[in-house]
Amino acid sequence: MEFVEDKVLVKEFLNGNEIAFKKLVDKYSKKIYWHARGMLNNHFDADEVTQEVIIVLYKKLHTFNFESNLYTWIYRITSTRTLNFIRMKKVKEFFSISDEKYDEIRSESNIQNDFEHKDEIKRIEQVLQKIPTKQREVFVMKNFEELDYKEISEITGKSVGGLKANYFHALKKITELLNEKN
Amino acid sequence: MKKISEISEIEFLEKEISQKIEIYKNFQNSDANRTYFNLLNANVLNRLEDKKRPIYQVNPAFGYAFVFLISFLVSYQFIDFSNKVTLSNSDFLFSESSTWLEEEEFLSSVLDENIELDYVNYLNNEIDYSSSRFINYELNQLSDADFDEIYNNIKDKKIF
C-alpha cells in the first residue's frame, strides 16, 4: 500500500506536480532527520544532512526506477550522505578546522529542549558515538527505525550475516556503556 | 549451540536496554518536534524554490557594452598622455613598425657609448681637401697661356 502510494506521488511529481513532492518531504523528512541524528549526535549536523538529502531527492527522483521501495532508496541516500558527513567532519577535526567549542554551544540548543528525559537521551546519543560507525548504523536502523536485516542489507549493501555480527557487537558495547554510566 | 546462545544473549541485551530505546523512540515521535519539522520542510522547499528561480538575465547588448567599457577603462590606464607622440616617422633609423621600446633601447645605447673623435686630424683633412679642390678649380679656369705662365713662374720659383 505504502509502495503504491509512494509510486503515485513520485509519478505525479515527475509530471510536474510540486505538491506531490511536498507530501513526500512531509512523509520522509522525519525519518531522514532521525537517521542522521542517531549517526551524528548533533541536531545541527542532522538538520544540515536532512536538507541536503531532500535537495538530492528533488534533483534525482527522476532516476528512481521503482525496483525497490522508495524509503529504501531514500535511506540509502541518507546513509551515504551521513557517512560522508562523518568523514568530512573527521578531516576537519584533523586539520583543526571545526570549532569544537562552537559545536558544543550549537548542540545545546536543539529540539530536545524541555523534554523530560533530556539527560537519558543525551546519554544514549553519547554512548552511540562511542561505537564504530558500521555498528552504530545497524543499531540505529534496527532499533530506532525498526528495519529488519533484509531491508538494512538493501540499504547498506552489506550481507545479512555481517549486519547481524555488527549488531551483536553494537548491542554488547552499548549495554556495557549504558550500565557503566548508571 | 553457539548461535542459540548468541541469539539468547541478543534478546537479553535488548531487554536490558529496551527501556532506554523506548525513551529515545518516544522522543523521536514526540509531537513537540512537529513545529521543527514543519519549519525544516518549509525551509528546504523554499531553498528549492529559490534555486528554481532564474537568475536575472541581462540583455546581451548591455553585456557587450559593459565589457567594452571595462576593457577601455583598463587600457586607458596603460597610455601615458604626457609623452609627445610623432605620427610621421622622421627618424630614418626606425621603421614604422619599430616599437617605442626598441627605439628607446637603441638611443640609450648610443648615449652610453664613449665616442672620441680626432678633431684636429679631421679639420686638417677637411682644409686640405677644400684647398686642393679650390686650387684645382682655379687652375681649370685658367687659359693655356696663363697656365703656362704660372707653371713657368713656379718652375722659376717666382711663386711660393
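Quick summary incoming for the structure in this document. (Residues numbered from 1 in each chain as written. Chains lettered and ligands numbered in written order. Predicted model: local features only at pLDDT ≥ 70, side-chain atom pairs only at ≥ 80, totals over all residues. Heavy atoms only, no water.)

Residues and elements named next belong to chain A. Following both chains from N to C, one finds helix H2 (residues 18-40) and helix H4 (residues 70-94) inclined at 35°, their axes separated by 10 Å at the closest point. Crossing angle aside, the handedness with which H2 passes H4 is right-handed. Within the contact between the two elements, H2 uses Leu 24, Tyr 28, Lys 31, Ile 32, His 35, Ala 36, Met 39 and Leu 40 and H4 uses Leu 70, Tyr 71, Ile 74, Tyr 75, Thr 78, Ser 79, Thr 82, Leu 83, Phe 85 and Ile 86. The residue makeup of the contact of H2 with H4, split by class, is 13 nonpolar, four polar and one charged. (Axes fitted to C-alpha atoms, helices over the stretch in contact; angles between N-to-C directions. Helix = DSSP H or I, 4+ residues; strand = E, 2+ residues; numbered from the N terminus. Left-handed = near helix turned anticlockwise from the far one by under 90°. Contact = heavy atoms within 4.5 Å. Nonpolar A, V, L, I, M, F, W, Y, C, P; charged D, E, K, R; others polar.)

All right, on to the interface of chain B and chain A then. Counting residues at the interface gives 28 residues for chain B and 41 residues for chain A. Interface area, chain B with chain A, both sides summed: about 3500 Å², of which 70% is carbon and sulfur. Counting the surface chain B buries against chain A, the share from its top three residues, Lys 20, Tyr 24 and Phe 27 of chain B, is 20%. The salt bridge involving Lys 25 of chain B is made with Glu 146 of chain A; its shortest N-O contact spans 2.6 Å. The tally of links between chain B and chain A comes to nine residue pairs in polar contact (both at pLDDT 80 or more). Sorting the residues of the side of chain B that touches chain A by element identifies helix H1 (2-28) and helix H2 (34-52) of chain B as the ones contributing at least two each. With 15 residues, H1 of chain B is the single largest residue contributor to the side of chain B that touches chain A. Considering only residue class, the side of chain B that touches chain A consists of 13 nonpolar, six polar and nine charged. (Buried area = accessible area lost by both parts, 1.4 Å probe. Salt bridge = Lys/Arg side-chain N within 4 Å of Asp/Glu carboxyl O. Polar contact = N/O pair within 3.5 Å; in protein donor to acceptor, adjacent residues only side chain to side chain.)

What is shown is where atoms sit, not what they do.
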